[in-house]
Each structure stands twice: as structure tokens, then as C-alpha cells.
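Notes for the structure review
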Amino acid sequence: MNFVIPDFTPAVPEMVLLALASFILIADTFWSERYKYATYYATQASLVIVGLLILFSFTSETAVTFNESFVRDAFADVLKLFIILVSIGVFLFSKEYLQNHDFYKGEFFTLGLFAILGMFVMVSAYNFITLFVGLEIMSLAMYAMIAMQRDSAKATEAAMKYFVLGALATGLLLYGLSMIYGATGTLTIPEVKAVIEAGKANSTVLAFGVVFIVIGLGFKLGAVPFHMWVPDVYDGAPTAVTLFIAAAPKIAAFAIVYRLLVDGMPGLVVDWQQLLIIMAILSMVIGTVIALAQTNFKRLLAYSGIAHIGFLLLGFIAATPEGYSAAMFYVLVYAITSVAAFGMILALGRKGMEFDQIKDFAGLNKRNPWLAAMMLIIMFSMAGVPPFIGFYAKLVVLEEVIAAGFTWLAIIGVVTAIAGAFYYLRVIKVMYFDAPEQDTPLPASTRELSVGVSVYSLSLLVLGIMPAWLMAVAYNSLLM
Amino acid sequence: MSLLAFNLPIVALLPFAGAALAAWASKINRVASAWTAAAITILALAFLAPSMHLPFQGETLVQSWAWMPAIGLDFAFRLDGLALLFALLILVIGLLIIIYARYYLSNKDSMGRFYAYMMMFMGSMLGIVLSENLIQLVVFWELTSLSSFLLISYWQHRKDARHGARMALAITGAGGLALLGGVLILGNIVGSYNLTDVLAAGDMIRAHELYVPILVLILLGVFTKSAQFPFHFWLPHAMAAPTPVSAYLHSATMVKAGIFLLARFFPALSGTPEWMWLVGGAGLITFMIGAYTALFKHDLKGLLAYSTISHLGLITLLFGFGTQLAAVAALFHIINHATFKASLFMVAGIIDHETGSRDMRKLSGLMKYMPHTAILAMVAAAAMAGVPLLNGFLSKEMFFEQAVFAAETNAWAWLLPVLVTIAAIFSVAYSLRFIHDVFFGGEPKDLPKTPHEPPRFMKIPVDLLVVICLAVGIIPMFTVAPILAVAAAGTLQGVPPEYSLSIWHGFNLPLMMSILALILGVGVYFIRHKLFAIHAKLFERLDARVVYHAILNNTLAFALKITRGFDKGSLQNAAVWIIGASVIAGAIGFMSSSASLFGSREMLPVDPVTLVAAVALMIATVMTVVWHAQRLVSLITLGVIGLVIALGFVKFSAPDLALTQLSVEIVTIVLLLLALYFLPQKTPKEIGRFRIGRDAVIALLSGIGATLLTLAVLTRDFAPISEYFLENSVPGGGGTNVVNVILVDFRGIDTLGEIVVLALAGLGIYAMLQGMKLPAPNKDIYGRFWDTDNHPVIMQTLTRLLLPLMLLVAVFIFLRGHNLPGGGFIAGLIAAVAIIVQYLSNGIAWTGERLKTDMHWVIGFGLLIGTGTGIVSMMIGFPFLTSSFTYITWPVVGKFEVASAIAFDIGVFLVVVGATVLSLVQLGRLSNASHAPHQNSIPAKKQEAK
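Below is a short write-up of the structure.

Rules used in this analysis
- Residues numbered from 1 in each chain as written.
- Chains lettered and ligands numbered in written order.
- Predicted model: local features only at pLDDT ≥ 70, side-chain atom pairs only at ≥ 80, totals over all residues.
- Heavy atoms only, no water.
- Helix = DSSP H or I, 4+ residues; strand = E, 2+ residues; numbered from the N terminus.
- Buried < 20%, exposed > 50% of the residue type's maximum accessible area, 1.4 Å probe, protein only.
- Contact = heavy atoms within 4.5 Å.
- Axes fitted to C-alpha atoms, helices over the stretch in contact; angles between N-to-C directions.
- Parallel < 35°, antiparallel > 145°, perpendicular 65-115°, else oblique.
- Left-handed = near helix turned anticlockwise from the far one by under 90°.
- Nonpolar A, V, L, I, M, F, W, Y, C, P; charged D, E, K, R; others polar.
- Expected span 1.5 Å × (residues − 1).
- Buried area = accessible area lost by both parts, 1.4 Å probe.
- Salt bridge = Lys/Arg side-chain N within 4 Å of Asp/Glu carboxyl O.
- Polar contact = N/O pair within 3.5 Å; in protein donor to acceptor, adjacent residues only side chain to side chain.
- Pairing = 2+ DSSP bridges.
- Core = buried A, V, L, I, M, F, W, Y, C linked by side-chain atoms within 4.5 Å.

**Thoughts on the environment of F825 of chain B**
All names here are of chain B. Mapped onto the elements of the fold, F825 is located in helix α36 (residues 824-842). Classification of F825 as partly exposed rests on a relative accessible area of 31%. Distance in space between the C-alpha atoms of F825 and S663 is 9.7 Å, their sequence separation being 162 residues. In contact with F825, other than residues within four places in its own chain, are T660, V908 and V912.

And the structure:
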């Protein structure tokens, strides 16, 4: 039996990343004590290399390889670049955090690299199996990362919950995928689309398949009612890991939602739209309402993140190319904002003292006016107040969902955004107006963190003043 | 390029640059930032000047650039009459305030910060009034909320300032989001966010089914910003700001932004009953509440705050009438209110500054100390009261006229003139109080400072404004008429109606109302002390802020309640939600689907074997659940499930799968047993009866759902991919065992990858567990010690006999693998189990001595062979892993097929054996290590007895 050697070129970034990650994994055991931070620098270097590789080989052409199971298009490249962009910041912040909290381990970075590899595969998946493999590479690495702080009961519990629920949700997703396969007889996403559109597939089975797929995706996105893991994991995991989980994986989750629902099953739009509407409303309302009652800042961000996912889903509900672009814009903005917000917790924390309660921020303006100002930007951006970029994210999503005729959904969105503004304002109020417990100045724990957080925060303002660039990226990569 | 092509954005953005400049200038000296701010304002006016004539010629200047081309948004500015009027108000009054504030602020206050915020605010306001693009307007709108927040909280050390600022930001910021919603819908139905298009599409908008949502959302923005009922309560609390800020924000700018929007959307949204009721109703209520409450405020700024609310209500009410004449009257009153209210706030600031108090119960008789200021105050207050020959009188007359006119439209509308007259009476009364309480009536009592006239430049801005009040009031035709006409044209987007600005209209009903209000107002003022007492008794506690806090607290309580329901942090709870939601979603899908659930395929008859197997499966499953607390027992029942599944594969003619399943099952159970050994043997019981019931229901439902779905798939025809492999197995791979051919041939490269993973996993387990010691229990749950005899003799003997037999089976399975069930993978597992059994029964030390082969090498060889077969085919010119086969005839055995794939299979075999043995033995060591302390604790004689 002869083998046809597949075209490897579209997957070169993934292969390079895999090789580098494997190399670092092995090398880390030898580097350990003498060159303690070699792993970190090698990790950042790998990300830069892969990023440049993608950037310089960027074309708007679509290339498909490995028996139509892997695709490289503008959409994939843009998302991968953003995953890298976000992750570089994540690793920078994490290194400082791990150092400060005395549990610097090379595993964090190698696991992180493998998770990123998983995200890449998810983004480029053109076949159910590829997609699933990518998802699992990412998820397994993340389970391990959460549990890395082995002596922390809270982190272990979080990892356990995430693992069990994640396995359940993955099972449901797999169940759904297998039903779609049963109905269409193919695993390849464009073929699935063709069979469904030709009306050859059995509609009942398809409908059930969609239900289970959407449930699985809802879990990965953290949409209500499949969101239970989000607050516990965000809260329980070491903050550096939370930072990782909250940012890039959302981009990857967005990508598989797009690949499965939009690329694969546009013919079933009526089915998945209904489910997404329910999930979006629940996420926006419940995420917002529960966030109001939080006193822990990480949990607050978790619930506000759930509400943001609700907004993101609005873009999919619009079910137009512009709507998907708006959702893409939203997820990119959300990822950048998350890095800034969690980075702030890292920057202000100290060994033995996590800076993760809202009351910790009391009087921050007196103790560190610069970081308080950065936090102000982050909170306003999350609340969707101009001229920060978060406003434009809400703007485009709302606009597209109105254009698609779901005015009532947009109104629910606006109402929850208004209610949501209150809890962001509360943080600002606490920072600027409440009396601090101690009056001592509170510099960022390291200069790198201070600079890093400032760069990400100020980018929210700069992008907000000039939103056209990022918007063009999101729109062009889907509409090209 | 002419200045007319780009001057508008410069006007709007210049103050932002000025903000940075002013902050920087404060480093030079305190006054420099004030002069910088003033210079920037004058510069902005200069940039506006070249295009000022255009609105007078009936032209609208629009300047636009592409902003967010992806969603078709432009960065667009517009100058028409309305925009011009507001831009001038913002810049001119802004300039006066800047001069005034230079003298108002004390040495302790940071000038740079003040002027930076001030300029930011000015820029945002200019942005609102000059925007052509609605989204851009909303952006500037929210910027005014932010910058006013900074201005109100300027005195951060004061609690009321922080509180007031936060409330103002919460209310107006939220209103801004509502406005965004409204504007988005509006833009969507018009098809453009440009004002030019929106204003031209009034009829279409009013007829649209989404008109009411749009109106409500936009009005939410307007009412919150302009402090209209029921959102009026934030404004008095914002009075904690420095007085120049109040003078600017609450006369000409911030609160007028809402009013501006009413005027801006007047052609597009007005003229419907909804508009009339919502806008007019809110305006009327605000007008009355403000006028009434103002009288009872003892704080000078409090009085002015409520009077501002009241006048804003008046303007809103005028717009609510929806007629063109009313709109003109509203515009006129906007101008007048801005002038007299700015001067009154500045007077209040002077009094505060020079006496140290704003409490009207303490202030009195200031006429003697500051006559100049007193006269200014009197003129401005008279204008506020609507005294003839002042500007306030003219617009109030127009307002009364409109109220009387509106009264003819409805049977109950006669109430309207009555109500507005009552409100006007109170206006007169509080205006009188402002003058009489402060400047007359005996000597002031215990003031912190001795009052005297303020510095000259604090008075000059007030002088100017008061002169405007007089000039407009006496000679309106020569002062305000042109700008009013052009603003009216801009508002109405057309030719304004006929209206008269003359002072004398004859003796008519509006004049009667004015006179009545003046006389009764004086009367009310003189019985004020009685009214204060009544008010204190009835309404003192009635504060909308209480409602605001109640809403906040209730929302929070509600949020906590929801949180308790959802955020339990319990894994089971989360799982229930996920499974429950899946069941519900599936059920909904089932019910809403029109097609039948089941397909057309006939069901096969049930044979006894299958039935027994199914029943066994069910019983074992149930037993696993029931006995889950006893972990070892439930593990055994779990094994039963695995066994039945393996038998199921046999039944459906997949012996290969069955063998694999069986081997994997055994290895996993062994692994699990090893792991469980270190854990408590019993799960604590902590579930209540309710939970068990709930979980049973959910389990049952999801079981039924899964069954139905399986049936749905099974009852339909389906072309499996196995056809291809069945057809190509012999011609392509030379084997009749399809599974094996797939593994070692068709999907050879996948298998190669898999064995690499397996090898790595084995090595990984080995490395991770090396040197690890785990404390294991040395008693079972009943407190009995584990048997110390780890290696019973009978078992040792039997297993030693079994070893060659099992290895023989492994070889047999391996060799026949290509054609019959078997193959390297299964053979590897069998061989591994054979070796593991030796370790188990004879102990690691004993077996290790006899089996010296290092499993690392076995794994390595396996991988080498697997890869080697691939490379060989490459060397002889075929692609990687290409296989070929031939047949040889052996004595005794007969015809035998030799495929290059068989070499590959050897690799698989070796890796499986190596990895499995390596990891399991290492796990076994773990338990050995843990047993050592226990053996020491056993009494010595027991050891001997053994």
C-alpha cells in the first residue's frame, strides 16, 4: 500500500511549535537549577519565532492539507497571531508571579506551549477529529496547569472540578459530533456542509447532533448554564494560570465555534441560533447579576467574563459574515482586556498575599496612582465606555445583532451592560474613594509587571482612539 | 486646502490637547494653566469663526473622514444653527468660567488638574454638539460623563464630592449606554448613522414599529443627563463640586447635553403622542418638583440646583409640546437660562468664597458688604423669576403662551396652565428668597469670614453675563434674534415659524399668568416659615436618592440570592446543570422536530444471548452505582461491565476488538487497584435522600434520551467506511484481519505515532514515580492488618507454570495476527500480563533477578524496528512505510504470508510489552515501599510462624 506524502507547508508553524515545545520539555530537565530561567526565555523565543513565521508566510489564500483535515486561511493566521500576542504577555506576567510566589517551574511554560499548540490545531481544524484532538491537547495541558500547585487544596479542587466537568462536556461534544457524522457520513467540515446543504442528511439526527455540539461548545466558552467551572477555576487556580485560561483559550474556543457552526453547519443555522440565543441571554443576565454580588475580584472577573461571552454569542446569533466578524473583534478585545485585568492582580500581589479581593483595591489611588489609573482604563473598557476599545466591541456586536433583526436581544444586551457598569464602577469607587487599610505606597511587585500591565492597559485606550485597525483585521480576515 | 475643510474637528479636539497642555503648564506656575486654558478656548473660537457665517446663509457644514471603514462609520462633524448656538455657549461661558475659577480656587487646590479636567470636559461637549455621526456623538457623550465625574470629584478628600461624583457617573454613564442602544436601532432602520440622513427620515422613523423602543432608549439618555424626573436626584448631589464646575456644568453644558439631544432629534422623533406624553410628562413633573423643592433648600447651591432641575423641566416640557413654536421658545429659554444661571452660580461662588458659608439661615444683610455683587445677583435672580425687561421674562411668556395653546387640545389639558402657573409661583418665591435672605434682613450671624467684595476678575464674568440678560430682555431684536433664528432653523431643519420677540404683546392670558405668578410668588415667600414647617413634616424624608439606594440594595440582595442558587461551588451541582440542560435541550429538540425520530429500518429480533448480556450489563451498572462507596467492590462490578462489552464485540463479529478490549480492561483494572490501594477504601456517605432522588431522575432521563437517540441512529441506513477497508485489505495489505491491516499498514504512520506516545508514557510514569514513597494504609476498613504473606506459594507455583503457556499464546496471537484476530498490540498486552503476573505472585525482587532484560531497551528496540521498516522502504525508493508481502510455505504449518508489515508489528509488540511492564512494575514498587514500615510493626513471632 502506497503512502502519499501530504503537503506539510500549511502546518509548518504548528510543526515548528511542536518541535520547539518538545525540545524545551526535554531541555528543561537539564537546565533546571543552573539556568533556571532558560525555559522561560526559550518559551518566549519560540512564540516569537512561530509568530514571525506566521506573519511572514501570511497569505490570504486558503490551503488545505492532510486529507482535508487541516486548513490554513487568513482567519486561522490572524487568530494564531493574536493567541501568540496574548500569550507572550501571559508568560511575561506569569514568570514574575511564579518567581514572587516561589513556585517557578519549567512545566508551567512547557504545558503552556502545548496548550497553545492545541489552540493552533483547534483554529486550523477542518475535520472533526483534528478539532477534537486540538481541543484535548489544550484541555489536558490546562488541567495539569491548574493542578500544578500541588499543595494548594483550592487549586487541586479546581483542577478536579474542571477535569470532571470538562470530560463530561467533551463527551457531549463528541456525542454530538458522532451524530453529525452518523447523519452525514463524513468528518470533514466542508463536506459536512455540502451534505447538509444538499438535504441528504437526516434532519432529526442532525438536530440532536447540533444540540450536543452547542452544549459542548457552550462549556468551553463558559456560557450559562455550562459556566459552573468558570468561577471556581478562575478563583482556585494560581492567578498566573487563571490569566492563561482567561485569555487565549477564549480565542481558540471562538475559532471552533466558528469552524463547527459557521463553516460546517450553516444549513442548520435555525437550530443552533435558537440554542445560542438562550445561552446568550442567560449568560448576559446571570453573569451580570451574580457579578454584582461578588467580593472576590477573580470571581468578579469570572462572572463578568461570562457576561462578555453572552455578548460574543450575539455576533453568532446575527448569523451574518459581519456578525461573525463582530464576534471575532469582541473576542480579541476581550482577550487583551483579560490579560490586562489579571495582570493587574499579579502586579499588585506579593508572596503570601494574593491581591484578589475587591477590598484589596481600597485607596489604590493613594498608594499607586499610576496603576490605579491603568485599572480605571481596564474597568471602563470592560464596562464598554468610550473612548476605550471595549466600547467598540459592544458597539459592533450590538449593531450587527440589530441589523440581523434581533432588536430585543440588543435591548437585553444594553440593559445588562448598564447593570454591568455598576460593578466595574464599584471597583473604581473602591480604588479612588475608599480609605486604604494601610497608607504605604504599593509599587508593582516588579518593574516588568508594571511596564507590561501598563502596555496592555494603554493599548485599550490607544486601540479605542483608533479602533479602525483592529476592526479591519477582524472584518477582513473573515470577509476576504 | 481651505480651513473650512477641517476646522470643526480641530475645534472639538483642541481642548483635549489643551488638557494636556494645561496640566503641563501647572508645572511652570499656578496661573499659567489658567491662561493656557483660556488661550486654548479663544483659539477654538478662532477656528470656529471662519465657518460661523455658513449657518446664517442656511447652509450646513459637514466635514467627514473614514473612521471605521469595516463597519462603514465616518468621523464626521457638522455645523448648523443648533450646533453653532451650543458651541458658542460652551466656548463663551467656558471662557468666563476659566477666568472666574482662576480666582476662585484656593492655593491648596491643584490648578493643573482642574484645568485639565475642564478642558477635557469642554472638548467632549463640543464633540457632542458638532457631531454628524451618531456613534461618534455617543462617544463624546460618554466622555462628558467621565470628565464630569472627574470634575465633580475634584475635591477628593470630601466624602460628599466622591459620593456625588459616583452617583452622577452611574446615572449618566448608564443613560449613555441606553442612548447607544437607541442610536444603534435608529441607525439600523435609517440605514445610516449620519445625522443628515436621520433627520431627513423623520416620517419613516415615526412610522416604524421600533419607534417606541428607540424613543424610550434615547429618552433614557436624555433624562439621565438632563436630570429629568425620575433621574433628577443626582444633580443636587453633584453640587459638591467646586462652584465654577457647577456654574459650567449645570448652566450651559452637561445638563444641556440632554436638552441638546432633544432639540437635535426634534425633527426625527417628535410629533407623536408617545413623544408628547413621555417628554412632556417628564418635563412637567420635573418642572414642578424642582420649583417646589428649590424653595426649601437652605443651601444656596442646593436652591440653584433644584431651580436648574426645574428650568430644565420647563425646556423639556416645551419640546414635549412638539410644535415648532414651542421648540423656538425652548431654544430661547436655553440661551436665557444659560446666562442667568451661570451668573447666579458664580454669585453663589463669590458669596461662599468671601463669607465661608452658603447657608441662607446664616447669611443675611450682605448688601452692605458687597453691593456690586448684590446688584448682579438681583438682576440675575429677577431674570430667573421672570420679571419684565429681563431675558427670563420673554422666554417665560412664550412658554405660558404655548401652555395655554396646548390647553385647547384636550378636555383635561386646562390643568396644564394651572400647573405651570403654580410652578412659576414657586420660581418667583425661591428667586426672592435667594435675594432677600442673603442680601437683606439684618446683620449676618457667625460667618467664618468677614464678607467683602471679591477680586475684580471674579466679578467681570458675572458683569458680562448680567449685561447680556438685560440686553436680551430689553432689546431682543438687536441681540438674540439672529442667533435664535438660525438655531431654530437648525433645530427644525427648515424655515422657522413666525414668532415675535417684542416685549409687549398686549394684555393677554400669558401676561396675566406672569403677573399672577409674581404677586403670588411674593406672597408665598412671606409665608415661607410656615411652609418650611409643613414641608419638614411631610416631605423632608421623601428623597429620590432613597429610592436610588433602595433599588441598589434590592438589586444586590437579589444578586446574592441568585448567587446562592447558582454559585454553590459543588461539582455535583454543576454536573446536574450540564446534564439537566442537555436533557432539556434534547427534549425540546425532540418535541419541536417535525420528522419522526426513528428511521425506517426494521429492528432485528432479540436473541437470548444478547438479552442475557444486556441484562448483565444493566445489573452490573446498577451494582456499580449502589456499591460505589465500597471502592474495591465497585471496581469489580466495573470489570464485569468491561467484560460484557468485550463479549458484545465477539457477538458482533469483531474478535479483534474483543481481544483488545479484554486486555486493556485487565490492565486498567490492575492499574486502578494499585491506585485505589493508597486511597481510603470507602467513600464517605454525604448525600441526602433528596439528592439521590434528584440524581436518579436525571440519570433515568438521560438514559432514556440516549437510548432514543441511539435507536434513531440505528434505525436508519448507513454506509460505513469499513467497506473500503474490507475490499482493500487483502489486495492492498495481504491480510484478512482488517483491523490488523489497518493498524500496521493502511494507518501505519498513525500506529507509529501511537507507539511513540505509549513508549513516552511508560517512560514518563517510570520517571515520575522513581524514588517516590506513598504512605499506604496497613489496615483495611474493618481495622484488620493486611496479610503479610505477599506471595502465597500455591499462586507462585501456578503462575510459574502459566508463564510459558501465556508467552506461547502471545506468539500464536502475534503470528496469526495479519489474517485472523490477533496482532502485535494484543500479543504485546498478553505477554505483558504474563510478565506482570510473575511480578505479582513472586515479588519484584525475585522476578527482577530472573528477568534481567531492561525494559527501557525493549521499548527502544521496538521503536527502532518500527521506524526502521519505514526507512527501509524509503531507502529502496518507495515512500515511508510502504509495505510489501509475499507467501512462503513452511513445513508443518503450511502456507504462511510474510509481509514487511510483520516487522513493523514486532516493533509494536515490543513497545507494548516494554511500556506496560515498565510502568506497572514501577507502580508495584510504590506499594512495596509503603509496606516496609508495616512489616516492622508486626510482632516478631508472627514472622517466625510464617
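**Some details on the packing of helix α10 (residues 211-225) of chain B against helix α13 (residues 254-264) of chain B**
Residues and elements named next belong to chain B. Two numbers describe how α10 lies on α13: the axes approach to 7 Å, and their chain directions differ by 150°. Classed by the angle they form, the pair α10 and α13 counts as roughly antiparallel. In the packing of α10 onto α13, the handedness of the crossing is left-handed. Together, I218, L219, V222 and K225 of α10 and M254, V255, A257, G258, L261 and L262 of α13 make up the contact between the two elements. Tallied by class, residues from the contact of α10 with α13 come to 8 nonpolar, 1 polar and 1 charged.

**Structural notes on helix α30 (residues 655-677) of chain B**
Counted at 1.5 Å a residue, the expected span for α30 of chain B with its 23 residues is 33 Å, and the 33 Å between its end C-alpha atoms agrees. Every buried residue of α30 of chain B is accounted for by D656, A658, T660, S663, E665, V667, I669, L674, L676 and Y677 of chain B.

**Description of the interface of chain B and chain A**
In this assembly, 79 residues from chain B lie in contact with 74 residues from chain A. For the pair chain B and chain A, the summed buried surface comes to about 6300 Å²; carbon and sulfur atoms form 79% of the total. Between the two partners, chain B and chain A, sit 0 salt bridges. There are 2 residue pairs in polar contact (both at pLDDT 80 or more) connecting chain B and chain A.

**Here we look at the pairing of strand β2 (residues 73-79) of chain B**
Residue and element names in this part refer to chain B. Across the 7 residues that make up β2, a large majority, 5, are buried. Here 7 bridges tie strand β1 (residues 61-68) to β2, and the two strands are oriented antiparallel to one another. Bridge assignment links S64 to a residue of β2, and that residue is A76. What sits between β1 and β2 in their antiparallel hairpin is a turn of 4 residues, with G72 showing a positive phi close to 65°.

**So, the nonpolar core**
One finds M265 of chain A together with F319 of chain B to be the most contacted residues of the largest nonpolar core, which totals 444 residues. The contact partners of M265 of chain A, leaving out residues within four places of it in the chain, are I180, V192, I196, V210, I213, L260 and W272 of chain A. Counting 39 residues, the second largest nonpolar core, distinct from the first, contains I835, F904, V921 and L923 of chain B.

**A few points about the pattern of salt bridges**
One side chain can pair with another of opposite charge once the charged atoms of both are near each other. All names here are of chain B. Summed over the entire model, instances satisfying the criterion amount to 22 salt bridges over all chains. Between D203 and R206 there is a salt bridge; the shortest N-O distance is 3.1 Å. Remark: R206 and D203 occur in helix α9 (residues 202-207); sequence separation between them is 3 residues, near one turn of the helix. The class for D203 is exposed, based on a relative accessible area of 60%.

**A short note on the environment of H298 of chain B**
Residues and elements named next belong to chain B. Along the chain, H298 falls in the loop between α15 (273-295) and α16 (300-321). Considered as a pair, H298 and I460 are 162 residues apart in the sequence and their alpha carbons are 27 Å apart. A distance of 2.8 Å separates the side chain of H298 from the side chain of R433, its partner in a polar contact.

**What to know about unusual backbone geometry**
Residues and elements named next belong to chain A. Across the junction of V224 and P225, the peptide omega takes the value 5°, indicating a cis bond. Inspection of the secondary structure puts P225 in the loop between α8 (203-221) and α9 (229-236). The amide bond that connects P386 to the next residue, P387, takes the cis arrangement and shows omega of 10°. Position of P387 relative to the elements: it lies in the loop between α16 (369-383) and α17 (389-403).

**What to know about the packing of α16 of chain B against helix α19 (residues 391-407) of chain B**
All names here are of chain B. At a minimum axis distance of 11 Å, the contact between α16 and α19 shows a crossing angle of 45°. Viewed along their axes, α16 and α19 adopt a mutual orientation that is oblique. Of the two elements, α16 crosses α19, and the hand of that crossing is left-handed. Two secondary-structure elements touch here, α16 through L314, L317, L318 and F321 and α19 through K396, F399, Q402, A403 and A406. Its residues placed into classes, the contact of α16 with α19 shows 7 nonpolar, 1 polar and 1 charged.

**A few points about the environment of A165 of chain B**
Residues and elements named next belong to chain B. By the element assignment, A165 lies in helix α7 (residues 159-190). Accessibility expressed as a relative area gives 0% for A165, which makes it buried. Distance from A165 to W234, taken between C-alpha atoms, is 8.7 Å for residues 69 residues apart in sequence. Apart from the residues lying within four places of it in its own chain, the contact partners of A165 are F149, I152 and S153.

As far as function goes, none of this settles anything; it's purely spatial.
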